[in-house]
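# Analysis of the macromolecular model
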Amino acid sequence: LRPPSAARLAAMLSQLADAAHDARVALRHDGAVIGVHGEHVVVHAPPPAPFDLAWHGESTLDLPHGTLAFTPAGAAPMRLARADAARGEWRVRVRRGGERLALDAAGPRRSLTSLLQRSGMPVWERDALPLVFCGDILAAVPGIGVDPAFRAAPGARGVVVSWHAHLRVA
């Protein structure tokens, strides 16, 4: 990144140093965002522009800010059943707010915000995380889980969904 002016750097350092432990500091500079996570200053890419793409069973989807991989796995406990047109239209998009995900067949659907916060995932990663939907139902969240209704049955073909973000900033 290009260095900021001395005045801008002083202002940024003051905001970062004085931030509360749970503050959402997001200082934009030279195509990047500088923030705080825990006790660390972190430089990361800005959130992606909204997107909504169809998934037809491809092994990878190239997204504006990374790659979503669907890797065949025979024994993984959280395998997503492969895309099947009979189940509905499969879509991949970023969070819009209000999403809920069931992780246990006997349990309730839980707020995705709450699940992501409990995972310890930094805010900027949560904002960029691609979500897999079948119709209007959230079916899978990389690194979090797969709704039991969309999990591959034992012995059936299934995939593990993983997210690989681009590490560079614009």
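Anyway, here's the lowdown on the structure attached to this text.

Oppositely charged side chains can form a pair if their charged atoms are brought close together. One pass over the structure, following the stated rule, counts eight salt bridges. The partner of D52 in a salt bridge is R96, with the nearest N and O atoms 3.2 Å apart. One end of the pair, D52, is in strand β4 (residues 52–54); the other, R96, is in the loop between β8 (90–93) and β9 (100–101), with 44 residues separating them in the sequence. On the basis of relative accessibility, which here comes to 33%, the residue D52 falls in the partly exposed class. The partner of R91 in a salt bridge is E89, and the shortest N-O contact between them spans 3.2 Å. For E89, a relative accessible area of 52% gives the class exposed. Through salt bridges with shared partners, a single ionic network connects D52, E89, R91 and R96.

As enumerated under the stated definition, the model contains three aromatic pairs in all. Between W55 and F70, the aromatic rings sit 4.0 Å apart at their centres with planes inclined by 15 degrees, giving stacked as the arrangement. You can see W55 sitting in the loop between β4 and β5 (60–63) and its partner F70 sitting in strand β6 (residues 66–72), a full 15 residues away along the chain. An identical accessibility class is assigned to W55 and F70; each is buried.

Time to look at the side chain of H29. For H29, the position within the fold is in strand β1 (residues 26–29). Residue classification places H29 among the buried residues on the basis of a relative accessible area of 15%. Those residues in contact with H29 that lie beyond four places of it in its chain are L1, R2, P3, P4, M12 and I34.

Among the structural elements, V146 can be located in strand β13 (residues 145–146). Sequence separation between V146 and M78 is 68 residues, and the spatial gap between their C-alpha atoms is 5.8 Å. The contact partners of V146, leaving out residues within four places of it in the chain, are M78, R79, L80, A102, L103, A139, A140 and R151.

Along helix α2 (residues 112–119), the residues classified as buried are L112, L115 and L116. Looking down the long axis of α2, one finds its buried residues gathered within 95 degrees of arc, a one-sided arrangement. The secondary structure elements touched by the buried residues of α2 are β9, β10 (110–111), α3 (123–128), β11 (131–134) and β12 (137–141). Capping of α2 at its N-terminal end is provided by S111; its side-chain oxygen lies 3.3 Å from the backbone amide nitrogen of T113. Taken from the residues just after α2, G120 is the one with a positive phi, measuring 85 degrees.

Parameters and conventions
Starting from 1, residues in each chain are numbered consecutively following that chain's sequence as written. Confidence filtering applies because this is a predicted model: local features only for residues at pLDDT of at least 70, side-chain atom pairs given and counted only at 80 or more, and all residues used for totals across whole chains, interfaces and linings. Side-chain measures were taken over the full set of non-hydrogen atoms in the model, leaving aside hydrogen atoms and water. One side-chain nitrogen of Lys or Arg within 4 Å of one carboxyl oxygen of Asp or Glu is enough to make a salt bridge. Numbering of helices and strands starts at the N terminus; helices are DSSP runs of H or I of at least 4 residues and strands are runs of E of at least 2. Burial here depends on accessible area, computed with a 1.4 Å probe over protein chains only, as a share of the maximum for the residue type. Under 20% is buried, over 50% is exposed, and the range in between is partly exposed. Ring pairs shown here join Phe, Tyr and Trp side chains whose ring centres sit within 6.5 Å, with only the six-membered ring taken for Trp; geometry is labelled stacked below 30 degrees between planes, edge-to-face above 60, and tilted in between. Note on contacts: a residue pair is in contact if any heavy atoms of the two residues lie within 4.5 Å. Working definition: the arc comes from the directions between the helix axis and the C-beta atoms, pointing outward to the latter. Within 3.5 Å is the distance limit for a polar contact, defined as a pair of N or O atoms, with the added protein rule that one can donate a hydrogen and the other accept it, and that residues adjacent in sequence qualify only through two side-chain atoms.

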